[in-house]
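# Analysis of the macromolecular model
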Amino acid sequence: MSKVVMNASVSVDGFIADENDDPGPLFEWLVTGDVALDGSGVLKVSQASYDHIRPYWDQIGATIAGRHVFDITDGWDGTPPAGVDHVVVVTHRPAPEGWDPEAPFHFVDGIEAAMAKAQELAGDRVVEVAAGDVGGQALAAGLVDEVRMDVVPVVFGSGKRYFGSVDAQHLLEDPDAVIKGNRVLHLRYRVRR
């Protein structure tokens, strides 16, 4: 079975966007370096960030995201982000009208169904779960193995929480990666079982 990783850029006070879904400066670290992170020519990070992020991205077989993220990104124009092979969208609604049925997006109802579909698609590769409400649901259901945070030096004060609406305590192990990049601190924790 594939490893399940919850991941996102996050403010120091634990938010992945403001109340209006604006990530503000949370992604600046992705464009302020000297090393190309992908073939787009847009994403350029520090060497330390590249050495941490690129191998992780190369392991991802499927990403789970919520319908809200899908909608505000316009479904990434039908191309999964970061070179991911498949996106599983947790939703109670069908695919948008006119959506290309050949696009590698799968619309499922509920976090357990999303996880089953993502693991089927990923095989032995990593299943990534977007932080926020869907990530919080996966963590609460005991489905997350690892938490990765790209902590950006900004305080939002309020907004969309990294762990969504999780309302119970969940213990993580000590961080097994702490890497300083340009305007970002990369952290990786295993979820304590």
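One structure accompanies this document, and this report is about it. Bear in mind the structure is a predicted one, so any value in this text is a computation, not a measurement.

Calculation notes
- Residues numbered from 1 in each chain as written.
- Predicted model: local features only at pLDDT ≥ 70, side-chain atom pairs only at ≥ 80, totals over all residues.
- Heavy atoms only, no water.
- Helix = DSSP H or I, 4+ residues; strand = E, 2+ residues; numbered from the N terminus.
- Rg over C-alpha atoms; globule rule 2.2 N^0.38 Å.
- Buried < 20%, exposed > 50% of the residue type's maximum accessible area, 1.4 Å probe, protein only.
- Contact = heavy atoms within 4.5 Å.
- Areas by Shrake-Rupley, 256 points an atom, 1.4 Å probe, with all protein chains shown as cover.
- Polar contact = N/O pair within 3.5 Å; in protein donor to acceptor, adjacent residues only side chain to side chain.
- Pairing = 2+ DSSP bridges.
- Axes fitted to C-alpha atoms, helices over the stretch in contact; angles between N-to-C directions.

### Looking at the overall build of the chain
Along its length, the chain carries four helices and twelve strands. Taken over C-alpha atoms, the radius of gyration comes to 16 Å for the chain, in line with the 16 Å a tight globule of 193 residues would show. Oriented by its inertia axes, the alpha-carbon framework of the chain measures out at about 40 × 40 × 35 Å. Across the 193 residues that make up the chain, the buried fraction comes to 45%. Intrachain contacts of the chain at a sequence separation of at least 6 include 66% that bridge at least 24 residues. A total of about 9700 Å² of accessible surface is found on the chain, and carbon and sulfur atoms cover 51% of it.

### Brief notes about the side chain of S11
Tracing the sequence through the fold places S11 in strand β1 (residues 4–11). Side-chain polar atoms of S11 contact the side chain of D13, separated by 2.5 Å. Not counting residues up to four positions away in its chain, the partners in contact with S11 are L26, V151, V152, V154 and F156.

### Quick word on the sheet that holds strand β7 (residues 105–108)
Reading across the sheet, the eight strands line up as β7-β6-β5-β8-β1-β9-β12-β11 and stay open at both edges, with mixed pairing between neighbours. Strands with a single pairing partner mark the edges of an open sheet, and in this sheet they are β7 and β11 (177–181). Sheet twist, expressed as the mean angle between neighbouring strand axes with direction ignored, is 20°. One ladder, built from five bridges, connects β11 with strand β12 (residues 184–190); its direction is antiparallel. Considered in β12, the bridge of I179 is made with H186. With respect to the sheet, helix α4 (residues 133–140) is in contact with β1, β5 (60–66), β6 (86–90) and β8 (126–130), its orientation differing from that of β8 by roughly 120°.

Geometry only, nothing functional implied.
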